[in-house]
Amino acid sequence: MNTKNLVLMALLVGVGAALYLIIPGYGEGMKPDFMLTMMFIGILLFPTFKETFLLAIATGILSGLFSTFPGGFVPNIIDKVVTGIVFFVIVVALRKVAQKIAVGTVLVCLGTLLSGTTFLSMALMLVGLPGGQAFGALFVLVVLPAVLLNAIAFIIIYPIITNLLKRAKFNTSISQA
């Protein structure tokens, strides 16, 4: 792994954590996970298994530590690892088009759906859902708005990051495409 890549991935995770902390919660204090968006951007920029796994673990641990969901630490780690690996496989399969903003946005939406479903499933199995809420209610009230917000965040942030990296002649999958 390249030191520059590690630094950029750490910055992405850090920005995601900062966004997560400042965004207000809704629906029993739950909030969209912008660390997930940053993880997806990191995977698009550095589509290798090692870097994906590192991003997924770091994002999962931080998401778990900052989670307002009761007992959300372990479900967050499982969710991010599963989502990161599935997202990575899809990005590798679509290598030629995955970096295009429209395709990337669709992938982020699908990845957020997978993440939310995985998280809620793991939470239900391991600790139960808060307030006696049903899986479907939480899915509609939390996951679907998160899909929309993550897509908007991706559309805004991804072009900025890729343009900055191109100007800096940073070696990413964007510069190799």
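This text goes with the structure placed above it.
1. Some remarks on the overall build of the protein chain
Argument step 1. Broken down by element type, the protein chain carries seven helices and zero strands.
Argument step 2. Along the protein chain, helices (α) and strands (β) appear in the sequence α-α-α-α-α-α-α when read from the amino end.
Argument step 3. Against the 2.2 N^0.38 benchmark of 16 Å for 177 residues, the protein chain shows a C-alpha radius of gyration of 16 Å, consistent with a compact globule.
Argument step 4. Counting only C-alpha atoms, the protein chain reaches 50 × 30 × 30 Å along its principal axes.
Argument step 5. When the 177 residues of the protein chain are sorted by exposure, 47% land in the buried category.
Argument step 6. In the protein chain, once contacts between residues fewer than 6 apart in sequence are set aside, the share between residues at least 24 apart is 72%.
Argument step 7. As displayed, the protein chain offers around 8,300 Å² of accessible surface, 75% of which is attributable to carbon and sulfur atoms.
Argument step 8. With 10 positive and 4 negative side-chain charges, the protein chain shows a spacing of 20 Å between the two charge centroids.

2. Concerning the nonpolar core
One broad rule of soluble globular proteins: the nonpolar side chains tend to lie buried together.
Argument step 1. Ranked by size, the top nonpolar core spans 30 residues in total, and within it Ile41 and Leu45 carry the most contacts.
Argument step 2. Listing elements by their share of this core, those giving two or more residues are helix 1 (3-22), helix 2 (34-45), helix 3 (49-66), helix 4 (73-93), helix 5 (101-126) and helix 6 (135-167).
Argument step 3. Sorting elements by how many residues they give to this core places helix 2 first, with nine residues.

3. Side note on the environment of Ala137
Argument step 1. Looking at where Ala137 falls in the secondary structure, it is placed in helix 6.
Argument step 2. Remark: the alpha-carbon pair of Ala137 and Phe119, spanning 18 residues in sequence, is separated by 14 Å.

4. Re the pattern of salt bridges
Argument step 1. Under the definition given, this model contains two salt bridges.
Argument step 2. Close ionic contact of Asp33 with Lys80 constitutes a salt bridge, the shortest N to O distance being 2.8 Å. Separated by 47 residues along the polypeptide, Asp33 in the loop between helix 1 and helix 2 and Lys80 in helix 4 bring together distant segments of the chain.
Argument step 3. Under the relative-accessibility criterion, Asp33 is labelled buried at 12%.
Argument step 4. Between Lys80 and Asp79 there is a salt bridge, with its nearest N and O atoms 2.8 Å apart. Just as Lys80 is buried, Asp79 falls in that class too.
Argument step 5. One salt-bridge network, in which partners are shared between bridges, spans Asp33, Asp79 and Lys80.

What counts, and at which threshold
Residues numbered from 1 in each chain as written. Predicted model: local features only at pLDDT ≥ 70, side-chain atom pairs only at ≥ 80, totals over all residues. Heavy atoms only, no water. Helix = DSSP H or I, 4+ residues; strand = E, 2+ residues; numbered from the N terminus. Rg over C-alpha atoms; globule rule 2.2 N^0.38 Å. Buried < 20%, exposed > 50% of the residue type's maximum accessible area, 1.4 Å probe, protein only. Contact = heavy atoms within 4.5 Å. Areas by Shrake-Rupley, 256 points an atom, 1.4 Å probe, with all protein chains shown as cover. Lys, Arg positive; Asp, Glu negative; His and termini not counted. Charge placed at Lys NZ, Arg CZ, Asp CG, Glu CD. Core = buried A, V, L, I, M, F, W, Y, C linked by side-chain atoms within 4.5 Å. Salt bridge = Lys/Arg side-chain N within 4 Å of Asp/Glu carboxyl O.

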